[in-house]
Amino acid sequence: MNRSHTLSDTAATRLLPSREGPGRVLRGADGLERWSGADRLMDAVRKAVKAAPLGRGRDALHGRWLGHPLHPLMVQVPVGTWLSAALLDALPGHRRAARTLVGVGLAAAGPAAVAGWVDWAELPREQQRVGFVHAAANVTGVALYAASYVARRRRQTVRGKALGLAGLTAVAVGGALGGHLAYRQASGANHAEQVSHLVEQGWQPVGELADLPVGSAVRRHIGDVAVMVVREPDDEVRVLAEHCSHMGGPLSEGELRDGCVRCPWHGSVFRLEDGWNVRGPATAPQPAFDTRVRHGRVEARLRHPADAEHRTDRWDAA
């Protein structure tokens, strides 16, 4: 008995994280970030996704209207229906219901995949590598479920159930990698959320007004928080958090136009006045600061989040 416990403990230690180290599963997931074997294929796929004529639908697929990525919400339908079908497969007399659930999952998988690919095309290389394997696992799952559905329609019940179980396994692997993307690599997370927790309350010094160039973005600090500062021709000063809420890009290096700043990394556009995300892929607005000038010195105070009214910007029409 002790020997068997020792062997099982050793196997678990090798596979799962422990005080000895990350284990093979986590080490393998982390290793995908460094795997460059599919980079050329990924570049071709990314180019195709970016070239797709989606128009404003691209922001809708990103989930800008929702305030966070849409893809994780959409995948609940195929995953839920397929898991329910697997449960019905274990019970007698539910063949038709299980087949219907498999079909519903297949119908929902397409739109969920489109939203996922649109998000994937805007990720850094390391996240794209993990995301590509995540997508491959899900495509495998969809193919297996399609074969399962055909087998069920032909009344090949045992084959249909076996294919469904294989498909659920592939989707589970894809889901685990999706969790790695979201929670370990912070894909889709708001990369500026911590600003409100780091900036002290009240007015904070930014610098001398005379030291700020007119019409250009510069990087400054409020305490330990980096901010982007823009001095306008009328000496109005705009201050936003420096790191883009999408993936942390440096906004002070971005393009200024029509009262907005465009992130140099992935093209998210934020309004200087209030940080509103005029265009994605960012789904969260940028933390903005109220400003004032006293005795030639600029001071800023973090603005509390407020509902921003939608209005048409020239960036939207571009």
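To start, this report covers the structure provided alongside it. The structure displayed is predicted, hence computed values, not measured ones.

**Regarding the pattern of salt bridges**
1) Next: In the structure shown here, the tally under the stated rule is 15 salt bridges.
2) Next: For Asp 274, the salt bridge is made with Arg 271, and the minimal N-O distance between the two is 2.9 Å.
3) Next: Asp 290 is the partner of Arg 301 in a salt bridge, and the nearest nitrogen-oxygen pair spans 3.8 Å. Placement of the pair is Arg 301 in strand β10 (residues 297–302) and Asp 290 in strand β9 (residues 288–294), with a sequence separation of 11 residues.
4) Next: Since its relative accessible area comes to 34%, Arg 301 is described here as partly exposed.
5) Next: Overall, Asp 290 belongs to the partly exposed group, its relative accessible area being 24%.
6) Next: When salt bridges that share partners are traced, they join Glu 232, Glu 236 and Arg 238 into one network.

**Some thoughts on the packing of helix α6 (residues 76–89) against helix α7 (residues 95–120)**
1) Next: Between α6 and α7, the least distance of the axes is 8 Å, while the angle of their chain directions is 165°. The pairing of α6 with α7 is recorded here as roughly antiparallel in orientation. In the crossing of α6 with α7, the sense of the turn from one axis to the other is left-handed. Along the contact surface, α6 presents Val 77, Pro 78, Thr 81, Trp 82, Ser 84, Ala 85, Leu 88 and Asp 89, while α7 presents Ala 97, Ala 98, Leu 101, Val 102, Val 104, Gly 105, Leu 106, Ala 108 and Ala 109.
2) Next: Among the residues making up the contact of α6 with α7, the classes are represented as 13 nonpolar, 3 polar and 1 charged.

**Concerning the sheet that holds strand β3 (residues 225–231)**
1) Next: Overall, antiparallel pairing links the 6 strands, which are arranged β1-β10-β9-β4-β3-β2 in an open sheet. Only two strands of the sheet have a single partner each, and these edge strands are β1 (204–208) and β2 (217–222). Each neighbouring strand pair of the sheet contributes to a mean axis angle of 35°, computed without reference to strand direction.
2) Next: Where β9 lies against β10, 6 bridges are found, and the strand directions are antiparallel. Among the inter-strand pairings, Thr 291 is bridged to a residue of β10, identified as Ala 300.

**Quick word on the side chain of Gln 127**
1) Next: Locating Gln 127 in the fold gives a position in helix α8 (residues 125–153).
2) Next: Residues contacting Gln 127, with those up to four places away along its chain left out, are Leu 181, Gln 185, Ala 186, Ser 187 and Met 247.

**Re the layout of surface pockets**
In this approach, a probe sized like a water molecule rolls over the atoms, and the result shows the empty space that is left.
1) Next: For the largest pocket, the calculated volume is near 1,200 Å³.
2) Next: Residue lining of the largest pocket: 46 residues in total, with His 71, Pro 72, Val 75, His 134 and Gly 178 positioned closest to the centre.
3) Next: If you list the elements that add at least two residues to the lining of the largest pocket, you get α5 (71–74), α6, α7, α8 and α9 (157–184).
4) Next: In terms of residue count, the dominant contributor to the lining of the largest pocket is α9 (9 residues).
5) Next: Among the residues making up the lining of the largest pocket, the classes are represented as 25 nonpolar, 19 polar and 2 charged.

**Describing the sheet that holds strand β6 (residues 260–262)**
1) Next: Spatial strand order, β5-β6-β7-β8: 4 strands in an open sheet with antiparallel pairing. Since the sheet does not close on itself, it has two edges, and those belong to β5 (255–257) and β8 (277–279), each with one partner. When strand polarity is set aside, the average angle formed by the axes of neighbouring strands in this sheet is 30°.
2) Next: Where strand β7 (residues 269–271) lies against β8, 2 bridges are found, and the strand directions are antiparallel.

What counts, and where the lines are drawn
- Residues numbered from 1 in each chain as written.
- Predicted model: local features only at pLDDT ≥ 70, side-chain atom pairs only at ≥ 80, totals over all residues.
- Heavy atoms only, no water.
- Salt bridge = Lys/Arg side-chain N within 4 Å of Asp/Glu carboxyl O.
- Helix = DSSP H or I, 4+ residues; strand = E, 2+ residues; numbered from the N terminus.
- Buried < 20%, exposed > 50% of the residue type's maximum accessible area, 1.4 Å probe, protein only.
- Axes fitted to C-alpha atoms, helices over the stretch in contact; angles between N-to-C directions.
- Parallel < 35°, antiparallel > 145°, perpendicular 65-115°, else oblique.
- Left-handed = near helix turned anticlockwise from the far one by under 90°.
- Contact = heavy atoms within 4.5 Å.
- Nonpolar A, V, L, I, M, F, W, Y, C, P; charged D, E, K, R; others polar.
- Pairing = 2+ DSSP bridges.
- 1 Å grid on protein atoms, 1.4 Å probe; cavity = no way out; pocket = protein on both sides within 12 Å on 5 of 7 lines; lining within 4 Å.
- Points joined across faces, edges and corners; volume = space filled by probe spheres on them.

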